[in-house]
Amino acid sequence: MMLIPTHHFRAIERKPEYLQPEKCIPPPHPGPTGTMWFIRDGCGIACAIVTWFLVLYAEFVVLFVMLIPSGDYVYSIINGIVFNLLAFLALASHCRAMLTDPGAVPKGNATKEFIESLQLKPGQVVYKCPKCCSIKPDRAHHCSVCKRCIRKMDHHCPWVNNCVGENNQKYFVLFTMYIALISLHALIMVGFHFLHCFEEDWTNILQAYGSDRKEGAEAQVSLHDTRQPLTVSPTECSSFSPPTTVILLILLCFEALLFLIFTSVMFGTQVHSICTDETGIERLKRKNQPREVRGSCKLVKEAFGGEVSLHWLNPFSGPCQPQTPLRKDLVRQLSSLSDLEHAVPAQCPSSPSSSPPSSSEGKEQDLAEMTDE
C-alpha cells in the first residue's frame with residue numbers, strides 16, 4: 001500500500017463535474033484477445049514512416065553502393081548478413097513498440113459500482129483521471145496524445161507513435177539498441193569504403209570521367225570525339241557515378257552519426273530508468289514516493305522477460321508484467337489526517353441532487369470513496 005505524502009491538483013480538476021463518478025460512462029466491453037493497439041496521430045504516423053524510410057535508405061546504400069559492387073565476396077556476405085539481421089530486429093522492435101498496448105488503464109471505469117466493489121476503508125482513497133474518467137493506478141499518468149492513462153508511463157515517443165510504458169518499454173529499449181548498432185556498423189563500413197576507394201579504384205574512375213585540359217587545348221578536339229565510354233569493372237567501388245556515390249555515402253554517414261548519438265542516449269536513459277525503478281515523468285517531477293525497494297537485477301528481469309537469455313534480445317517475446325492493475329495498485333493510503341486538507345473529496349451520491357456532508361466524519365467517509373489527482 002502506497003503512502004502519499006502530498007497531493008497536487010490542477011484547476012480543471014477542481015470542477016465538481018469531474019469529481020462525480022455517476023457522470024462516467026461504463027467502460028465498453030473489452031475487444032477480442034489480440035486486438036491491435038494503434039494511435040491515430042498524424043505527427044506520430046509521419047515520424048514512424050520517416051523512421052522506416054531512413055532505415056530502408058541505409059539498407060539501400062549499404063547493399064547497392066558498398067557491398068554488392070565490392071569484389072570481396074566474403075566481406076560482402078558477412079557484413080550483409082549482419083546488417084540485414086540488425087535492421088530486421090530494429091524494424092521488428094519498432095513495430096512491437098508501436099503496436100503494443102503500453103499499459104493503458106481501462107477507460108471509463110470510475111463508476112459508482114466499480115468504486116463500491118473496491119470496498120474502501122476509512123483513510124483509503126482512489127484517484128480518478130478527469131480526462132478519461134478512469135481510476136488511476138499508482139504511477140499511472142495521462143497521455144494527451146493517446147488520450148488514456150498509461151501505467152508507469154515514461155514518455156510519449158513520436159518516433160514509435162506510442163507511449164513508452166509498462167508493457168512496451170522492452171521493445172523501445174531494443175529498438176534504440178538495434179538502431180544504434182546498425183548506425184555504428186554503417187559508419188564503420190563507410191569508413192572502410194572511403195579508404196578502399198581512394199586507395200585503389202576512384203583514382204582511375206575520376207581520371208576516366210575527367211578531361212585533360214592541356215591535351216584538350218592542344219588538340220582542339222571536341223569532347224564527344226575524345227572521351228571513350230566508361231566501362232565499370234566488377235572491382236570498382238560503386239555502379240553509380242563518383243559524385244552520386246559520394247553524396248549517398250555522406251548522407252548515410254550524417255544519418256548514422258545523428259541516430260547513433262540520439263539512440264545511444266535514449267538507450268542509456270531507458271536502462272537507467274529500469275534499474276532505478278523511476279520513469280522519466282517521475283524524474284522530472286521529482287516525486288520521491290516511498291515504494292518497495294527491489295534490486296536492479298530483478299527490475300531488469302521483469303522488464304525483459306525472465307532470467308538472462310536470448311529472449312532478452314528477441315522483440316517477439318514479451319516482458320514479465322501484469323496485464324491488469326491489481327486492487328492494491330488502485331487503492332492508496334493517506335499518510336496522515338493533515339493530508340485531508342490537500343485532497344479533493346468526490347461524492348458518490350445516489351442522485352445528482354444529493355448534498356455534500358457537513359461534518360468532518362462525513363468528509364472522511366467521502367474521501368475514502370474517491371478523490372481526484
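Residues numbered from 1 in each chain as written. Predicted model: local features only at pLDDT ≥ 70, side-chain atom pairs only at ≥ 80, totals over all residues. Heavy atoms only, no water.

1. Let's talk about unusual backbone geometry
For step 1, the next point in the chain: Even without a glycine there, the phi angle at K147 is positive, about 60°.
For step 2, the next point in the chain: Tracing the backbone shows K147 in the loop between β5 (140-143) and β6 (148-151). (Helix = DSSP H or I, 4+ residues; strand = E, 2+ residues; numbered from the N terminus.)

2. Observations concerning the packing of helix α1 (residues 42-67) against helix α7 (residues 242-276)
For step 1, the next point in the chain: Interaxial distance between α1 and α7 falls to 10 Å at its minimum, and their mutual angle equals 135°. One finds that α1 runs oblique with respect to α7. The hand of the α1/α7 crossing is left-handed. Within the contact between the two elements, α1 uses L54, V55, Y57, A58, F60, V61, V62, V65 and M66 and α7 uses T245, L248, L249, L251, L252, E255 and F259.
For step 2, the next point in the chain: Each residue belonging to the contact of α1 with α7 can be placed in one class, and the counts come to 14 nonpolar, one polar and one charged. (Axes fitted to C-alpha atoms, helices over the stretch in contact; angles between N-to-C directions. Parallel < 35°, antiparallel > 145°, perpendicular 65-115°, else oblique. Left-handed = near helix turned anticlockwise from the far one by under 90°. Contact = heavy atoms within 4.5 Å. Nonpolar A, V, L, I, M, F, W, Y, C, P; charged D, E, K, R; others polar.)

3. Thoughts on empty space enclosed by the protein
For step 1, the next point in the chain: In the structure shown here, the tally under the stated rule is four cavities of 30 Å³ or more.
For step 2, the next point in the chain: Elements represented by at least two residues in the lining of the largest cavity include exactly α1, α4 (169-209) and α7.
For step 3, the next point in the chain: The residue inventory of the lining of the largest cavity, partitioned by class, reads 14 nonpolar, four polar and one charged. (1 Å grid on protein atoms, 1.4 Å probe; cavity = no way out; pocket = protein on both sides within 12 Å on 5 of 7 lines; lining within 4 Å. Points joined across faces, edges and corners; volume = space filled by probe spheres on them.)

4. A closer look at the nonpolar core
For step 1, the next point in the chain: Of all hydrophobic cores here, the largest spans 45 residues; its most connected members are M66, L252 and F304.
For step 2, the next point in the chain: Breaking this core down by element, the ones donating at least two residues are α1, α2 (73-99), α4, α7 and α9 (296-304).
For step 3, the next point in the chain: A per-element tally of this core places α4 first, with 14 residues.
For step 4, the next point in the chain: Once residues lying within four places of it in the same chain are set aside, the contact partners of M66 are V61, M189, V190, H193, L249 and L252. (Core = buried A, V, L, I, M, F, W, Y, C linked by side-chain atoms within 4.5 Å. Buried < 20%, exposed > 50% of the residue type's maximum accessible area, 1.4 Å probe, protein only.)

5. Some thoughts on the confidence of the model for the chain
For step 1, the next point in the chain: Across the chain, pLDDT averages 75, with 64% of residues at or above 70.
For step 2, the next point in the chain: Low pLDDT, under 50, characterises residues 1-19; the predicted model gives this stretch 51 contacts beyond four residues in sequence or across chains.
For step 3, the next point in the chain: Note on residues 336-369: pLDDT under 50 across the span, and 61 contacts to partners over four residues away in sequence or across chains. (pLDDT = per-residue confidence, 0-100.)

6. Brief notes about the pattern of salt bridges
For step 1, the next point in the chain: All chains considered together, the criterion is met by five salt bridges.
For step 2, the next point in the chain: The salt bridge involving D277 is made with K152; its shortest N-O contact spans 3.6 Å. You can see D277 sitting in the loop between α7 and α8 (280-285) and its partner K152 sitting in the loop between β6 and β7 (155-157), a full 125 residues away along the chain.
For step 3, the next point in the chain: Judged by its relative accessible area of 22%, K152 is partly exposed.
For step 4, the next point in the chain: K301 is the partner of E307 in a salt bridge, and the nearest nitrogen-oxygen pair spans 2.9 Å.
For step 5, the next point in the chain: The partly exposed category is assigned to K301, whose relative accessible area is 23%.
For step 6, the next point in the chain: A cluster of three or more residues bridged by salt bridges with shared partners is formed by R139, K152, D277 and E282. (Salt bridge = Lys/Arg side-chain N within 4 Å of Asp/Glu carboxyl O.)

7. As for a nonpolar patch on the surface
For step 1, the next point in the chain: Together, M36, F38, I45 and I49 make up an exposed nonpolar region whose accessible area comes to about 370 Å².
For step 2, the next point in the chain: We classify M36 as exposed; its relative accessible area is 56%. (Patch = residues over 30% accessible without salt bridge, like charges linked within 9 Å, V, L, I, M, F, W, Y side chains within 5 Å. Areas by Shrake-Rupley, 256 points an atom, 1.4 Å probe, with all protein chains shown as cover.)

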